[in-house]
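Residues per chain are reported as follows:
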Amino acid sequence: MLRNLTIGFFLLAGVVLAPAASSEPIVIRFSHVVSEDAPKGIGAARFQELVAQRLGGRVQVVVYPRSQRFNDDEAVNALLFGDVEMAAPSLSKFGHYSKSLQVFDLPFLFRDVAAVQRFQAGPVGQRLLRSMEPIGIRGLAYWDNGMKALSARKPFRVPADMKGRRFRIQSSDVIERQILAVGGLPLKMPFARAYEAMKLGLVDGQENAWSNIYTAKMYKVQRYFTDFDYAFLGYMVITNSRFWDGLPADIRGELESILAQVTREVNEIAAQRAVQDRAAALRQPGVELVRLSDAELQQWRQAWLPLRDRFAAGIGEEVMAAAEAANTP
Ligand code: LMR
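Predicted model only: the values in this text are computed from it and were never measured.

**Q** I keep staring at the pattern of salt bridges and nothing clicks. Help me out?
**A** A side chain with one charge may pair with a side chain of the opposite charge, provided their charged atoms come close. Under the defined criterion, the tally for this structure stands at 23 salt bridges. Where Asp37 meets Arg273, a salt bridge forms, and the shortest distance between an N and an O atom there is 3.6 Å. With Asp37 in the loop between strand E1 (26-31) and helix H2 (39-55) and Arg273 in helix H10 (residues 249-282), this residue pair connects regions lying 236 residues apart in the sequence. Between Lys148 and Glu207 there is a salt bridge; the shortest N-O distance is 2.8 Å. You can see Lys148 sitting in strand E4 (residues 137-152) and its partner Glu207 sitting in strand E7 (residues 205-209), a full 59 residues away along the chain. Neither Lys148 nor Glu207 differs from the other in exposure class; each is buried. Overlapping salt bridges, with partners in common, bring together Arg130, Glu133, Arg138 and Asp245 in one network.

**Q** Would you explain the pairing of strand E5 (residues 166-169) in this entry?
**A** Here 4 bridges tie E5 to strand E6 (residues 185-188), and the two strands are oriented parallel to one another. Counterpart to Ile169 in the pairing with E6 is Lys188. Taken together, E5, helix H6 (residues 173-180) and E6 form a β-α-β motif whose crossover is right-handed. Direction of pairing for E5 relative to E7: parallel, over a ladder of 2 bridges. Considered in E7, the bridge of Phe167 is made with Gly205.

**Q** Got a minute to help me understand the site of the ligand in this structure?
**A** By nearness alone, 13 residues border the ligand, and Lys40, Lys93, Arg168, Asn212 and Tyr235 come closest of all. Between the ligand and Lys40, the relevant distance is 2.6 Å, taken from an oxygen atom to a side-chain nitrogen or oxygen of the residue. Classifying every residue of the shell around the ligand gives 5 nonpolar, 4 polar and 4 charged.

Rules behind the numbers
- Residues numbered from 1 in each chain as written.
- Predicted model: local features only at pLDDT ≥ 70, side-chain atom pairs only at ≥ 80, totals over all residues.
- Heavy atoms only, no water.
- Salt bridge = Lys/Arg side-chain N within 4 Å of Asp/Glu carboxyl O.
- Helix = DSSP H or I, 4+ residues; strand = E, 2+ residues; numbered from the N terminus.
- Buried < 20%, exposed > 50% of the residue type's maximum accessible area, 1.4 Å probe, protein only.
- Pairing = 2+ DSSP bridges.
- Right-handed = clockwise from strand over helix to strand, strands pointing away.
- Near = heavy atom within 4 Å.
- Polar contact = N/O pair within 3.5 Å; in protein donor to acceptor, adjacent residues only side chain to side chain.
- Nonpolar A, V, L, I, M, F, W, Y, C, P; charged D, E, K, R; others polar.

Quick look at the structure:
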């Protein structure tokens, strides 16, 4: 309590997070929740490596993978309180702070990763990087993972198969509604708990990008996979705005240029891994891919397209229009 009050005072006074002008290196602690071998984990390590090469001695990056320090739901608070300086939660975890960011979760809105990238690179996508500025969070970059697949203990072929099934979800109100819309029981749960929940049978299914499915070995506890590119999983690399603005301008500029390079690399790796890790997961003993007919796919579209009507007003007309337009190259 006392600590919170003290930090609150210093935050208001605007002093605690500005790096001190001294010969000590500026330390950037980067927290994330996935394996070091997943695209985001590789990106964080690459950022650390390039910072050491290009800003060696002046800035030191320390990476905390696999929720070692914080899970994604804690990351925003950790950034605000100066417990870490960077994180890269999935876009699904920001809807509480910026309704516009819910756009990334709507099923069947973006046709593929290329459409998401066009949207992110455009003026609206770039503006959304600043949409959490009122709470002191700055988006520095978007990093891809890939399109999501459903996994299950019993096959999900049509929406009715999800009825009454418990489903692990990220902390997103859109995804919660997505599962409720088909009669499923959504359970918001940090990534660090997902595998255990599946193993213990606390949940019957979940959704994720293939690199997470493979690196977290979810195929060991979920046998059936259904993928029909209904939605995207990607990240926003975030920092504390005051911390970032308080960095010496030359260091900030170099960090931004390093981040731009790492972003290109991560997105290339993510695209490769979406294919490779999918194939590797599907090769595991006992694993089955549920192939949908056009009529079955149509049922999922019918079940999930109406979510747009529910969330569009909060997301905003301009954001929705830009997202839809991004489907056309
Ligand atoms: C999840 O919680 O399933 C993902 O957001 C994990 C991640 O960071 O990729």
